[in-house]
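# Structural characterization, general
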Amino acid sequence: MSDWKDVVNPPCVVLCGGKGTRFAAEQGHKSMAEVEGMPIIHHVIEYWSQLTNDFIFVVKHGKEPLVKYIETLPIKSRFVEPKELKGIADGLSYASPYIDGPFFMVLGDCFYSGEFELPDKMRMGLGVVTDHSMDKIKENYSVIIEGGRIKRLVEKPKKPENSICGTGFYFLQKEVFEYIEVAKREFGQNELGITEVLQGLINQGEEVYPVYMNGLYVNVNRRSDVDYILESLSE
């Protein structure tokens, strides 16, 4: 068992290869949208540098300015580019050659600010925020918790059961790649999300814990989301 509290400098896989159609039409690559004079990807790296200096970026659409910027930063950075992206879990799978133990994955178009605490004896977990608005949960995914562990994940729920919203950071083990390959065969040509993969692991008995975040979390999909970040930081 790998207790995440004992893990030192784990690799961080950053997913930033999506098209971001809604945002790109307004401003370009989401991860390069500026917040307080720096692109979002800068804030992502700065925030998660509290855990590691080893980053693996999954890139695809609009990668050139993103890669160019990241290469100027004082971190260990590697880049992988899938021929085709079919969902978050599919994108994650391309980082598997670089992983040989515990690692964490974050979305490169989400803004993180605040604190979180890792549960004791956690093998796998995912970030959650409480008291989130129902509208925001409907755009993300809801998390149902029982006995201190995650029981169910619901992607973009029409009627969220509670105010707990799943975020874009996940603490994982390398075995997740084996399940992704199994799920790929089951889902065929359909997009494979990380919530489907984690739910499958939960159904098989894997204990996945909520990692509570106290602070600001915003999944950037539109220019208005960037405006919301700026407003929140100024309060």
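Above this text you will find the structure in question.
Residues numbered from 1 in each chain as written. Predicted model: local features only at pLDDT ≥ 70, side-chain atom pairs only at ≥ 80, totals over all residues. Heavy atoms only, no water.

Along the protein, the regular secondary structure elements total eight helices and twelve strands. In terms of C-alpha radius of gyration, the protein reaches 17 Å, essentially the compact-globule figure of 18 Å for 235 residues. Projecting the C-alpha coordinates of the protein onto the three principal axes gives extents of approximately 45 × 40 × 40 Å. Of the contacts made within the protein by residues no fewer than 6 positions apart, 73% connect residues no fewer than 24 positions apart. Entry remark: accessible area of the protein is about 11,400 Å², with carbon and sulfur atoms responsible for 47%. Each charge class in the protein can be summarised by its mean position, and for the 26 positive and 35 negative side chains these summaries are 6 Å apart. (Helix = DSSP H or I, 4+ residues; strand = E, 2+ residues; numbered from the N terminus. Rg over C-alpha atoms; globule rule 2.2 N^0.38 Å. Contact = heavy atoms within 4.5 Å. Areas by Shrake-Rupley, 256 points an atom, 1.4 Å probe, with all protein chains shown as cover. Lys, Arg positive; Asp, Glu negative; His and termini not counted. Charge placed at Lys NZ, Arg CZ, Asp CG, Glu CD.)

Attention now goes to the pattern of salt bridges. Across all of its chains, the model carries 16 salt bridges by this definition. The shortest N-O distance in the salt bridge between Asp 120 and Lys 5 comes to 2.8 Å. Of this pair, Asp 120 sits in the loop between strand S7 (110-116) and strand S8 (124-129) while Lys 5 sits in the segment before strand S1 (12-16), and the two are 115 residues apart along the sequence. Asp 225 is the partner of Lys 136 in a salt bridge, and the nearest nitrogen-oxygen pair spans 3.3 Å. Within this pair, whereas Lys 136 is found in helix H5 (residues 134-139), its partner Asp 225 is found in helix H8 (residues 223-234), the two being separated by 89 residues in sequence. Relative accessible area serves as the criterion here: at 30%, Lys 136 is assigned to the partly exposed category. In the salt-bridge network here, residues are joined through shared partners; they are Lys 60, Lys 63 and Glu 81. (Salt bridge = Lys/Arg side-chain N within 4 Å of Asp/Glu carboxyl O. Buried < 20%, exposed > 50% of the residue type's maximum accessible area, 1.4 Å probe, protein only.)

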